[in-house]
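For reference, the chains in residue letters:
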Amino acid sequence: MPDPFATSCTAFEGPRRLASGSLSEVALAVKAAVDRGSLQPLLVFDDASGQAIDFDLRGTKANVIARLPALAAQLAPPQTEEETAAGPRGKGRPKLGVIAREVTLLPRHWDWLAVQQGGASATLRRLVEQARRAGSASQQRRMARETAYRFISAMAGNLAGFEEATRALFADDRPRMEAHIATWPQDIRDHTLRLAWGDHVPSTEA
């Protein structure tokens, strides 16, 4: 079961960032705010997806912590096909997982592969890995934009410049987005930039 100490999230008390850290840290910070009678809306967001999180704050601190592994399991991303196929590994030498399938190429492609270092199979694997890495970087940028959009939709949908900021976000235009969110509360602005471009934000605040 996923570790609630490994899942990162951020809580807001109104426009102020209340806490940022693991599920356990943030859940206790939110419970403390509720127990002291906070009158501000308390919203929590998964840092990986931007989705809102609902904590079950009933009972003692120990009760709250005990329920977090199940929540962490709900928030965990689904396994990839490779992870599912690999399954748990036992002791001994790991399997290479090589699969033999037919590849159809033109003669000039085979001629080029034949003179590459390591042979055709090694060259094809290397090319596939290079393409995967390039695609992965592009996918990570897209996911970051979507994560930031979910957050600002919940926290800044009624703030000035929201529509323009959204267009700048999906255009990957940071300077233009910063201009449109300049009047937003600082904690909302900072967290938006963190989600969209990976800016560092300190861990749980006092």
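Attention in this report is confined to the structure presented alongside it. (Residues numbered from 1 in each chain as written. Predicted model: local features only at pLDDT ≥ 70, side-chain atom pairs only at ≥ 80, totals over all residues. Heavy atoms only, no water.)

### Some words on the overall build of the protein
Now for step 1: Helix and strand counts for the protein stand at nine helices and four strands.
Now for step 2: For the protein, the N- to C-terminal ordering of α and β elements is β-β-α-β-β-α-α-α-α-α-α-α-α.
Now for step 3: Relative to its 206 residues, the protein shows a buried fraction of 30%.
Now for step 4: Across the protein, the fraction of contacts at a sequence separation of at least 24, relative to all contacts at a separation of at least 6, is 56%.
Now for step 5: When the accessible surface of the protein is totalled, it reaches about 13,400 Å², and 55% of it is carbon and sulfur. (Helix = DSSP H or I, 4+ residues; strand = E, 2+ residues; numbered from the N terminus. Buried < 20%, exposed > 50% of the residue type's maximum accessible area, 1.4 Å probe, protein only. Contact = heavy atoms within 4.5 Å. Areas by Shrake-Rupley, 256 points an atom, 1.4 Å probe, with all protein chains shown as cover.)

### Details of the pattern of salt bridges
Now for step 1: The tally for this structure, following the rule as stated, stands at twelve salt bridges.
Now for step 2: The salt bridge partner of Arg-142 is Glu-146, with a shortest N-O separation of 3.1 Å. Linking Arg-142 with Glu-146, this pair stays in helix α6 (residues 119-155), spanning four residues, or about one helical turn.
Now for step 3: For Arg-142, a relative accessible area of 37% puts it in the partly exposed group.
Now for step 4: Linking Arg-176 and Asp-173 is a salt bridge whose minimum nitrogen-to-oxygen distance equals 3.2 Å.
Now for step 5: Exposure remark for Asp-173: the relative accessible area of 26% places this residue in the partly exposed category.
Now for step 6: Each of Glu-13, Arg-16 and Arg-36 takes part in salt bridges that share partners, so that together they form one network. (Salt bridge = Lys/Arg side-chain N within 4 Å of Asp/Glu carboxyl O.)

### A look at the environment of Glu-146
Now for step 1: For Glu-146, a relative accessible area of 27% puts it in the partly exposed group.
Now for step 2: Residues Glu-146 and Ser-49, spaced 97 residues apart in sequence, show a C-alpha to C-alpha distance of 7.8 Å.

### A look at helix α3 (residues 68-75)
Now for step 1: Restricting attention to buried positions, one finds in α3 the residues Leu-68, Leu-71 and Ala-72. Buried residues in α3, looked at end-on, bunch into an arc of 100°, giving them a common side.
Now for step 2: Against the buried residues of α3 lie α1 (23-35), β4 (52-53) and α2 (61-66). (Arc of directions from axis to C-beta.)

### A closer look at the pairing of strand β2 (residues 16-22)
Looking down a regular strand, the side chains alternate between one sheet face and the other.
Now for step 1: In terms of burial, β2 is largely enclosed, as six of its seven residues are buried.
Now for step 2: Pairing analysis gives six bridges linking strand β1 (residues 8-13) to β2, with the strands arranged antiparallel. The partner of Ser-8 across the bridge, within β2, is Ser-22.
Now for step 3: Between β1 and β2, which pair antiparallel and follow one another directly, the connecting turn spans two residues, one of which, Gly-14, has a positive phi of 65°. (Pairing = 2+ DSSP bridges.)

### Structural notes on the packing of aromatic side chains
Now for step 1: Taken as a whole and judged by the stated rule, the model has four aromatic pairs.
Now for step 2: Centroid distance Phe-12 to Phe-45: 6.5 Å. Interplanar angle 75°. Geometry classified as edge-to-face. One end of the pair, Phe-12, is in strand β1; the other, Phe-45, is in strand β3 (residues 42-46), and 33 residues separate them in sequence.
Now for step 3: The class for Phe-45 is buried, based on a relative accessible area of 2%.
Now for step 4: Grouped by ring-pair contacts, the aromatic residues Phe-12, Phe-45 and Phe-151 constitute a single cluster. (Phe/Tyr/Trp six-rings, centres within 6.5 Å; stacked < 30°, edge-to-face > 60°.)

### Details of the sheet that holds β1
Now for step 1: Judged by pairing direction, the sheet is antiparallel, and its four strands sit side by side in the order β2-β1-β3-β4 without closing on themselves. Two strands bound the open sheet, and with one partner strand each, they are β2 and β4.
Now for step 2: Taken strand by strand, α1 contacts β1, β2, β3 and β4, and its axis lies near 145° from that of β2.
Now for step 3: Together, β1 and β2 form the strand contacts of helix α9 (residues 186-197), whose direction differs from that of β1 by roughly 160°. (Axes fitted to C-alpha atoms, helices over the stretch in contact; angles between N-to-C directions.)

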